[in-house]
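Residue strings, one per chain:
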Amino acid sequence: MTDPSPAQVAKRLKPNDTIGIIGGGQLGRLLAMAAAKLGFRTIVLEPHKDCPAAQVCNDQIVAAYDDEEALHALCEACQVVTYEFENVPLDAARWLENRVPLFPPAKALAMSQDRLEEKRGLQDMGMDVARFCAVRSVEELAQGLQDFGQGVLKTCRFGYDGKGQHVFRGDFDTSQRVLAAVLDSLIPQGSKAAEYGCVLEELVPFDREFSIIGTRGQDGAVQCYPAAVNVHENGILRSSSVGQSILDDGLAANGQRQVEQLLHGLNYVGTVGVEFFAVGDTCLVNEMAPRVHNTGHWTVEACGTSQFEQHIRAIAGLPLGSVDLLCELCEMENLLGDESDGAFDFLQDPHVYVTLYGKVEARAGRKMGHITRLYK
Ligand code: AMP
């Protein structure tokens, strides 16, 4: 790719301006719908035709995320570019960033792409994380397990929804042979994941998991939604619940402070999702995602401004909207695999809202849609 030219200065978009979205999944789809509400046009860059986002965008560039011609076309056509997943090739993001306003910034993307860099970055910004160590060999793994007692081994790159992880809990075999087999299953020799190695984290005896979705505008203003308490099954988000007394106020305030610190620390523009472990009266950051987040889907029905609209407002240089909860309690539940077959049955209850992502193949564990139930 050619040398970068000076970055363009972001400015407030006008109605009918065009927003580029890299990645065509459900998050891109919901972002495009929020952009359309504000009168913006959207173009999605995604190699799969008829992807969830392309079904609701104005246009799709069907190409790999790092296809140079496609990136040129995206720059030409858009006033601002964003992304909906964290595995956007970093070189492509940096190349774009020098030609067109790209939000969130590529440095947030870089941090989220590598679990080791992420943990170090979070710590450097003063956030609290579980103890961790880098693991590339059986010896480092054995040492880490000796230090932490129990732990979760995660690939630094390419893991998602619980994939690329191994939990060492209770009585486990620490023989050289078994540890080598675990390492080899996560980072097989010669694989891309092996280039980056693993991180071993202490197994956190958390009481609950919660997340906070926050947004920072181009003017530096920050808004955080109320904390959501989340339940995961097999590493995949099952449900998120939000409302008064669902989480201790002190924990929620602590989490919010850390999110604000992160947003300002990265000079971030857009929406971020930060996941926490609540342990007694402290909270540890598990991970951050530089994008709209599955644990914030309930904001569409339960708040005046959804996380998607908030993101679009931020990257378009518009003021942020209200994050107040408009009901007493709400619950979001993912529809995984063939659970979406019965989605419309939920509509028997007028307080349940169904969102489907337009995916045709309902593979086991695949996120097909979600429902949100509001309680007054
Ligand atoms: P992650 O992909 O890092 O979000 O991990 C998926 C899920 O695994 C989390 O939501 C937790 O339920 C669990 N988990 C991950 N890391 C840890 C940890 N260090 N201690 C305890 N549970 C964990």
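Since the structure is predicted, the reported quantities are computational estimates derived from the model, not experimental observations. (Residues numbered from 1 in each chain as written. Predicted model: local features only at pLDDT ≥ 70, side-chain atom pairs only at ≥ 80, totals over all residues. Heavy atoms only, no water.)

Trainee: Any details on the side chain of R291? Residues and values, ideally.
Mentor: Position of R291 among the secondary structure elements: in the loop between β14 (282-289) and α10 (299-302). The contacts of R291, once residues within four sequence positions are left out, are L27, Y83, E84, F85, E86, Y268, T271, V272 and G273. (Helix = DSSP H or I, 4+ residues; strand = E, 2+ residues; numbered from the N terminus. Contact = heavy atoms within 4.5 Å.)

Trainee: If you had to explain the site of the ligand to someone new, which residues and values would you point to?
Mentor: Every one of the 14 residues lining the ligand counts as a neighbour, but K154, Q165, E202, V204 and E209 are closest to it. One of the side-chain N or O atoms of R115 is found 3.1 Å from an oxygen atom in the ligand. With respect to the ligand, the side chain of Q165 contributes an N or O atom lying 2.8 Å from an oxygen atom. A total of 470 Å² of accessible area belongs to the ligand in isolation, and the protein chains cover 89% of it. Among the residues making up the shell around the ligand, the classes are represented as five nonpolar, three polar and six charged. (Near = heavy atom within 4 Å. Polar contact = N/O pair within 3.5 Å; in protein donor to acceptor, adjacent residues only side chain to side chain. Areas by Shrake-Rupley, 256 points an atom, 1.4 Å probe, with all protein chains shown as cover. Nonpolar A, V, L, I, M, F, W, Y, C, P; charged D, E, K, R; others polar.)

Trainee: For the state of the cysteines, give the residues involved together with the corresponding values.
Mentor: For the structure shown, the criterion picks out zero disulfides. With no disulfide of its own, C57 lies closest to C51 among cysteine sulfurs, the gap being 7.3 Å. Here C156 is not cross-linked by a disulfide; its sulfur's nearest cysteine counterpart is in C198, at 6.4 Å. (Disulfide = S-S within 2.5 Å.)

Trainee: How would you sum up unusual backbone geometry? Please name residues and give values.
Mentor: Here the amide bond leading from F103 into P104 is cis, since omega sits at -10 degrees, within 30 degrees of zero. With respect to the secondary-structure elements, P104 resides in the loop between α3 (90-97) and α4 (106-113). Even without being glycine, S245 reaches a positive phi, approximately 65 degrees. A residue is classified by how much of its surface remains accessible, and S245, at 75% relative accessible area, is exposed. (Buried < 20%, exposed > 50% of the residue type's maximum accessible area, 1.4 Å probe, protein only.)

Trainee: For the confidence of the model for the protein chain, give the residues involved together with the corresponding values.
Mentor: Summing up the model confidence of the protein chain, the mean pLDDT is 94 and the portion of residues at 70 or higher is 97%. Here residues 1-8 scores under 50 on pLDDT; set against residues more than four positions off or in separate chains, the count is 18 contacts. (pLDDT = per-residue confidence, 0-100.)

Trainee: Account for the sheet that holds strand β6 (residues 151-155), naming residues and giving values.
Mentor: The sheet built from four strands is open, its strands ordered β5-β8-β6-β7 with antiparallel pairing. What marks the edges here is a single partner per strand, and that holds for β5 (132-135) and β7 (165-168). Across the sheet, the axes of successive neighbouring strands diverge by a mean angle of 20 degrees, strand direction being ignored. For β5 and strand β8 (residues 198-202), the ladder comprises four bridges, and the chain directions are antiparallel. Residue pairing across strands places F132 opposite E201, the latter belonging to β8. The strands touched by helix α5 (residues 115-124) within the sheet are β5, β6, β7 and β8, with β5 carrying the most contacts at an inclination of about 150 degrees. (Pairing = 2+ DSSP bridges. Axes fitted to C-alpha atoms, helices over the stretch in contact; angles between N-to-C directions.)

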